[in-house]
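Per-entry structural report
For reference, the chains in residue letters:
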Amino acid sequence: MTHSSATPPNSAEAAIDLDRFADIRPYHDDEVAGVLARLAQDSELLDAITRYRLPRLARFAPPLARLLASFRLRREVRGVATIRDFQLRIADYMAHMIARTTRGFSVEGLDQLSPDKAYLFIGNHRDIALDPAFVNYALYVGGHDTVRIAIGDNLLQKPFVTDLMRLNKSFIVPRSVKGKRAMLAAYQSLSGYIRHSISDDNHSVWLAQREGRAKDGIDRTDSAIVKMLCMARRLEENDPDIGHAVRELQIVPVSISYEYDPCDLLKARELHAKETDGRYQKVEFEDIRSIVSGIIGDKGRVKLAFGTPLSANFDSADAVAAEIDRQVLSNYPLFPSHQLALAETGLAPDLVDLSAVTAEDRERFQTRLAEVPAELRPWWLKQYANPILNRAGRLNSDTP
């Protein structure tokens, strides 16, 4: 983990600077040993491991199951002394996950970016954990340093989850803060940390283009996020020019596409409930279950496309958001699942291109579709059809 070198490392100013973002920043190397020791004794983490790896023993002899899980966990992290060590273990798991649950992972555009420069990667958002994980894996394989990952505090419902995320270079985005003044202060701190990471630490950051996943497959950047990103330069340099802030942050739009989303049925159910009941009530730890489903579920092919750094003379947050959207949509990789879903909806026959669709593609698609209850099919299909409609400017309000 790189530290700022703006002040001498032993000065009081440096200590204050390093502690400025203590509540939201990822862990530093000197914190790793203590965090790992704490995790090895965390009963909730050990119970979660035993329910997954030792279900029978967890049911009949919980203390013994926890003891075995603690031993296994300590053995797994033996030799892990730094954040990089921890991420190298994750890279091994990613390689196995890609081999088991995908039909290939490909990357384009990364060769146009310098491994020596820090970028603010702003990506479309399909999966809670896997979107930044695939970005990190692509960077790691491509010889770049991994990113610091923005993660909402709504996902950090357990101390062990917070520890694991911060070990993986995640920093905390405030979503549960109450009151306008507290929210403003929290977002100023967040903006300051992102600017500090890019400008002082020369360390890249990943951020979703809007809060929450695009469960309907419609990728749009929230201009409020752009305004948040520009706060720090305005406050610290008294510079309100959005174009200056954007160029300083080296914003690179990123498009990630899954041939099949392991959570597509869960998303369709939520969209259906909101349409029919006017609301959807999450069950406890639903996001954690979505993370697990995303990791272990079949994804088909996965492709990641890096855009080019924003360099125009932008004069508004909306203009910045529009350029991010343009790159995300134009670079968004389309798979047979997208074309077949659009054909199934009958919404825009002129946009359907089945020229590259094979008999195997059709069979896989029909097998997946057959598992979707009839009342959820419109929402399931639109998740895959909407990227094509969105790119063509053909989204309309009378479809699910």
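Given the structure is predicted, the values throughout are model-derived calculations rather than measurements. Along each chain, numbering runs from 1 in the same order as the chain's sequence is written. Only residues with pLDDT of at least 70 get local features here, since the model is predicted, and only at 80 or more are side-chain atom pairs given and counted; chain-wide, interface and lining totals rely on the full set of residues. Hydrogens and water are ignored here; the side-chain numbers use all heavy atoms of the structure.

1. Some remarks on the sheet that holds strand β6 (residues 251–258)
Cut-off, in case you're wondering: Each pair of strands is called paired provided DSSP finds at least two bridges between the two strands. Each helix is a run of H or I in the DSSP string that is no shorter than four residues. Each strand is a run of E no shorter than two, and both are numbered from the N terminus. Each axis is a line fitted through C-alpha atoms, and for a helix only the stretch in contact is used; angles between axes span 0 to 180 degrees, taken between their N-to-C directions. Whether two residues are in contact is decided by their heavy atoms: any pair within 4.5 Å suffices.
Strand order across the open sheet formed by 7 strands is β1-β7-β6-β2-β5-β3-β4, with mixed pairing between neighbours. Every other strand in the sheet has two partners, leaving β1 (102–108) and β4 (170–173) as the edge strands with one partner each. The mean inter-strand angle of the sheet, taken between neighbouring strand axes irrespective of direction, is 25°. Across 5 bridges, the pairing between β1 and strand β7 (residues 300–306) is parallel. Residue pairing for β7: E108 is matched across the bridge by A305. Across the face of the sheet, helix α10 (residues 223–237) comes into contact with β2 (120–123), β5 (205–208) and β6 while running at roughly 145° to β5.

2. Quick notes on helix α9 (residues 180–200)
Put simply, the rule reads: The span one expects for a helix is its residue count, reduced by one, times 1.5 Å. Buried, partly exposed and exposed residues are distinguished by accessible area as a fraction of the type maximum, computed with a 1.4 Å probe on protein chains only: under 20%, between the cut-offs, and over 50%, respectively.
The end-to-end C-alpha separation of α9 is 29 Å, in line with the 30 Å expected for 21 residues at 1.5 Å each. Listed as buried for α9 are A186, L190, S191, G192, Y193, I194, R195, H196, S197 and I198.

3. Some points on the pattern of salt bridges
Selection criterion: One side-chain nitrogen of Lys or Arg within 4 Å of one carboxyl oxygen of Asp or Glu is enough to make a salt bridge.
Per the stated rule, a full pass over the model turns up 30 salt bridges. With a shortest N-O distance of 2.9 Å, D350 and R394 are connected by a salt bridge. Taken together, the residues span a long stretch of sequence, with D350 in the loop between α15 (336–345) and α16 (359–370) and R394 in the segment after α17 (377–391) at a distance of 44 residues. For D350, a relative accessible area of 55% gives the class exposed.

4. Things to note about the packing of aromatic side chains
Put simply, the rule is: Centres within 6.5 Å are what make two rings of Phe, Tyr or Trp a pair, Trp counting through its six-membered ring; a difference in plane orientation under 30 degrees is then read as stacked, over 60 as edge-to-face, and the rest as tilted.
As enumerated under the stated definition, the model contains 11 aromatic pairs in all. Taking 6.4 Å as the distance between ring centres and 45° as the angle between the ring planes, the aromatic pair formed by F105 and Y137 counts as tilted. Taken together, the residues span a long stretch of sequence, with F105 in strand β1 and Y137 in helix α7 (residues 130–141) at a distance of 32 residues. The residues F105 and Y137 share a single accessibility class, namely buried. Consider the rings of Y119 and F121, whose centres lie 5.8 Å apart with planes at 45°: the pair is tilted.

5. Some words on the environment of G152
Topologically, G152 is positioned in strand β3 (residues 148–152). Spatially, the C-alpha atoms of G152 and I128 are 9.9 Å apart, while their sequence positions differ by 24 residues. Leaving out residues up to four positions away in the same chain, G152 has contacts with V173 and R175.

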